[in-house]
Structures are given as structure tokens and as C-alpha cells.
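Chain by chain, the residues run as shown.
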Amino acid sequence: MKLSTHFRKANVALRRAGVDYWAACGTMLGITRERRLLPHDPDIDFGTFDWTHHDAIARSFLDGGYEMKTLGLPNYGYEQCFFWKGEHVADVFYFYPQGMRKAWQASYAPRLQRSRFEIALLIPTRPGELDGVKTRLPNDPEGMCEARYGPEWRETVKTWDYSRDPYCLVNR
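Residues numbered from 1 in each chain as written. Predicted model: local features only at pLDDT ≥ 70, side-chain atom pairs only at ≥ 80, totals over all residues. Heavy atoms only, no water.

For the protein, the helix and strand inventory stands at five helices and nine strands. Listed N to C, the secondary structure of the protein is α-β-α-β-α-β-β-β-β-β-α-β-β-α in terms of helices and strands. Rg of the C-alpha trace for the protein: 15 Å, near the compact-globule value of 16 Å for 172 residues, within the 12% margin. Seen along its three principal axes, the alpha-carbon backbone of the protein occupies a region of about 40 × 35 × 30 Å. Across the 172 residues in the protein, those meeting the buried criterion constitute 50%. Carbon and sulfur atoms provide 51% of the accessible area of the protein, an area that totals close to 8700 Å². Charged side chains in the protein number 24 positive and 22 negative. The centres of these two groups are separated by 1 Å. (Helix = DSSP H or I, 4+ residues; strand = E, 2+ residues; numbered from the N terminus. Rg over C-alpha atoms; globule rule 2.2 N^0.38 Å. Buried < 20%, exposed > 50% of the residue type's maximum accessible area, 1.4 Å probe, protein only. Areas by Shrake-Rupley, 256 points an atom, 1.4 Å probe, with all protein chains shown as cover. Lys, Arg positive; Asp, Glu negative; His and termini not counted. Charge placed at Lys NZ, Arg CZ, Asp CG, Glu CD.)

Next comes the structure, spelled out in C-alpha cells:
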């Protein structure tokens, strides 16, 4: 199944779960910068603050035929990884408020890493679309791209390493 099909199915699953979500990481970068999924990005990514609905999200993906692996704990640094026929195709990253203006998100590549963002970049989310598929985007997609990837986010980097390169890493 093509990644664009997983993008459509993931948006359906997240809407069915009833959570506020947004395209995140490379998926957000591709939509914002190139108006497409990045050809060198192997999966699709979404973010949400709704960690209390992790079971609904899991059920929605599992009902769609996906398998799941989780990292972290729902109330602290959670990531749900979804697989189709053994291939990793989607992630849902959970974001957590830190004070009134900041939020953080964990990823595990290859160890726990925390990224920090201004909440105003993320919410309220806004509608987006890619190839006729309705999705959600962060409140300020360009600002979020810069916060995650740095001031040169508009330039293609094919050797990017998610375990080392994010501009937003707290423990860089």
C-alpha cells in the first residue's frame, strides 16, 4: 500500500478517534514546503495533546488493520507506532504542556529525546488538505517547521538524521 493511502487511512482513524491532531514532523514539512509527502520520508507522522484518548486512537488504527507498538507511557513521552504487514508506516506523537507557553514531545531515536515548542505554534489546529485528503495542521505550520528544523527548513536535506538533527531537541 502506498504511503499516500496510509495518510488517508490515518486521517480517517484519527477523526474517528475524536481527537484534535495535526500533521507533524516530516509529514508537516512535506505538506508545508512541497505540498506533497516527502519522497524520502518512510512514514507519516501526527501529533496530539490528547494523551487520555490513546486507547481510542489505538482502537481506530487496529480496526483499520494496523498493528501497533508503543514507546514511553501515555502520560509521559508516549509514541504509538503503526505497522502495515510488518512495515512501519505511521507514528502518533503525544505532546505535553510545560507551563503556560511551552510544550514538549518525546521521540525514541535511538534513545529518549525531548523536543520543545511554543504551544501557540501548535494549537488551535487548522484545516489542511493534501491530494484531496482532509487533514489537520498546526496553528502555524511555517513557524513549526522553523522550530523543528531550523531557519533553513525550506531547503531539502536528504541526509537528515532524526536522531541527531532536529533543531528543537532539548538535549542536543
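So, on to the environment of H6. Considering the arrangement of structural elements, one finds H6 in helix α1 (residues 3-17). Along the primary structure H6 and W84 are separated by 78 residues, whereas in three dimensions their C-alpha atoms are 8.9 Å apart. When neighbours within four sequence positions are excluded, H6 is seen to be in contact with M1, I44, Y66, W84 and V89. (Contact = heavy atoms within 4.5 Å.)

Below, the discussion takes up the pairing of strand β6 (residues 102-108). By the criterion of burial, β6 is predominantly enclosed, with five of the seven residues buried. Bridge count between strand β5 (residues 87-98) and β6: four bridges; the pairing is antiparallel. In the strand pairing of β6, P97 is matched with A103. Between β5 and β6, which pair antiparallel and follow one another directly, the connecting turn spans three residues, one of which, G99, has a positive phi of 75°. Pairing analysis gives seven bridges linking β6 to strand β7 (residues 112-118), with the strands arranged antiparallel. Considered in β7, the bridge of Y108 is made with L112. (Pairing = 2+ DSSP bridges.)

So, on to the packing of aromatic side chains. What describes a pair of aromatic rings is the distance from one ring centre to the other and the angle between the planes of the rings. With the rule as written, the count across this model stands at 12 aromatic pairs. Linked through ring pairs, W22, F49, F95 and F117 together constitute an aromatic cluster. (Phe/Tyr/Trp six-rings, centres within 6.5 Å; stacked < 30°, edge-to-face > 60°.)

Its 15 residues place the ends of α1 21 Å apart at the C-alpha level, agreeing with the 21 Å of an ideal helix rising 1.5 Å per residue. Turning to α1, its buried residues are H6, F7, A10, N11, A13, L14 and A17. The arc that holds the buried residues of α1, viewed along the axis, is 165°, so those residues lie on one side. Just beyond α1, the residue with positive phi is G18, at close to 75°. (Expected span 1.5 Å × (residues − 1). Arc of directions from axis to C-beta.)

Let's shift gears to the packing of helix α2 (residues 25-34) against helix α5 (residues 141-149). Relative to each other, α2 and α5 sit at 130°, their axes nearing to 10 Å. By the criterion of interaxial angle, the relationship of α2 to α5 is oblique. Relative to α5, α2 is oriented so that their crossing is left-handed. Between α2 and α5, the residues in contact are C25, G26, M28, L29 and T32 and P141, E142, M144, C145, R148 and Y149, respectively. Residue composition of the contact of α2 with α5, grouped by class: seven nonpolar, two polar and two charged. (Axes fitted to C-alpha atoms, helices over the stretch in contact; angles between N-to-C directions. Parallel < 35°, antiparallel > 145°, perpendicular 65-115°, else oblique. Left-handed = near helix turned anticlockwise from the far one by under 90°. Nonpolar A, V, L, I, M, F, W, Y, C, P; charged D, E, K, R; others polar.)

This brings us to the pairing of strand β3 (residues 67-73). Alignment of β3 against strand β4 (residues 76-84), held across six bridges, turns out to be antiparallel. Opposite K69, over in β4, you have C81 as the bridge partner. In sequence, β3 turns back onto β4 through a hairpin of two residues.

Fair warning: the whole summary comes from geometry, so function is off the table for now.
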